[in-house]
Amino acid sequence: MSPQARRDDLIRAALDLFGSRAPELVTVDDIVARAEVSRPLFYRYFSSLRELQVEALRTVTDGLIDRLAGLEEGPPPERLRAAVRGLIDVADSYRAGYIALLRSGSVIATSETNAAIDHVRNRAVELILDALGVGEPSPMLLLTLRCWTAVVEGALLSWLQERTVAREDLDGWLVDQLAAMLSATAAHDPTVPVVAGAQ
């Protein structure tokens, strides 16, 4: 196995373990047992458990960015719904890592992971502006979009932990939330475009 493949394997082992317990409760011994390697081999690739935790969480944010990078063409609601579906897929694939990344007070959070989260949020706002055809957003529109990204994060966190809403209903509902928020904002700022919901 190449060095990069071994490193990736250790990250995958950590993310697998995050699926059954909080990242701060996963030990080096747990990870080497899951990856079927020795402790000395672990320390050949990572200087500390903290470094691996950060790298594992960065894998989650990289996945979110990748999903937002290639957006299909079409009307704004369809493009946004496809983007939200992609975010749901990544969040579900890395469930515990996503929860650890975004939950309030996570001991894994660092300035580095916080910057990565902000990058995802900013990319989501750019994506929506592009879908809406807006080049110069007003302050009120930007505030609306940033609030919506917080709604998406909160909804995904709740959904990942409770699964009380069918997955196939989640993306349409979230895009409908954005349409409603844009409509409310347009009543106060006529420069804000209004879009139809996902239904």
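Above: the structure in question.
As the structure is a computational prediction, the values presented were derived from the model and not from experiment.

**Q** Would you mind going over the nonpolar core in detail, with residue names and values included?
**A** Leu10, Phe18, Ile31, Phe42, Tyr98, Leu145 and Leu182 are the most contacted members of the largest nonpolar core, which has 64 residues in total. It is helix 8 (residues 139-162) that contributes the most residues to this core, ten residues altogether. Not counting residues up to four positions away in its chain, the partners in contact with Ile31 are Leu10, Ala13, Ala14, Leu17, Val26, Phe42, Leu49 and Leu52.

**Q** Account for unusual backbone geometry, naming residues and giving values.
**A** Positive phi outside glycine occurs at Glu36, with the angle close to 60°. Of note, Glu36 is situated in the loop between helix 2 (28-35) and helix 3 (39-45). Look at Glu36 and you get exposed, because its relative accessible area is 71%. Of note in the backbone geometry, Arg163 takes a positive phi value of approximately 55° without being a glycine. With respect to the secondary-structure elements, Arg163 resides in the loop between helix 8 and helix 9 (167-186).

**Q** Could you give an account of the side chain of Thr185, with specific residues and numbers?
**A** Tracing the backbone through its elements, the reader meets Thr185 in helix 9. Its relative accessible area of 9% is what places Thr185 among the buried residues. A polar contact is formed between the side chain of Thr185 and the side chain of Thr144, at a distance of 2.7 Å.

**Q** Residue-level account of the packing of aromatic side chains, with values.
**A** Applying the stated rule across the entire model yields two aromatic pairs. With a centroid separation of 5.0 Å and an interplanar angle of 85°, the aromatic rings of Phe42 and Tyr43 are classed as edge-to-face. Phe42 gets classed as buried once you look at its relative accessible area, which sits at 0%. For the pair Phe42 and Phe46, a centre-to-centre distance of 5.9 Å together with 40° between the ring planes defines the contact as tilted.

The rules behind these values
- Counting of residues starts from 1 at the beginning of each chain's written sequence and follows it residue by residue.
- Where local features are concerned, this predicted model is filtered to residues with pLDDT of at least 70; where side-chain atom pairs are given and counted, the filter is 80 or more; whole-chain, interface and lining totals use all residues.
- As a rule here, side-chain values come from all non-hydrogen atoms in the structure, and water together with hydrogens is ignored.
- Nonpolar core, defined: a set of buried Ala, Val, Leu, Ile, Met, Phe, Trp, Tyr and Cys residues in which side-chain atoms within 4.5 Å join the residues together.
- Using a 1.4 Å probe on the protein chains alone, a residue whose accessible area is under 20% of its type maximum counts as buried, one over 50% counts as exposed, and one in between counts as partly exposed.
- Each helix is a run of DSSP H or I of at least 4 residues and each strand a run of E of at least 2, with the numbering of both proceeding from the N terminus.
- Here a residue-residue contact requires only that any non-hydrogen atoms of the pair lie within 4.5 Å.
- In protein, a polar contact means a hydrogen-donor-capable atom and an acceptor-capable atom, both N or O and within 3.5 Å, with residues adjacent in sequence counting only if both atoms are side-chain atoms; elsewhere, any N or O pair within 3.5 Å suffices.
- A pair of aromatic rings is counted whenever rings of Phe, Tyr or Trp (Trp by its six-membered ring) have centres within 6.5 Å, and the orientation is called stacked for planes under 30 degrees apart, edge-to-face for over 60 and tilted otherwise.

By themselves these figures say nothing about function.
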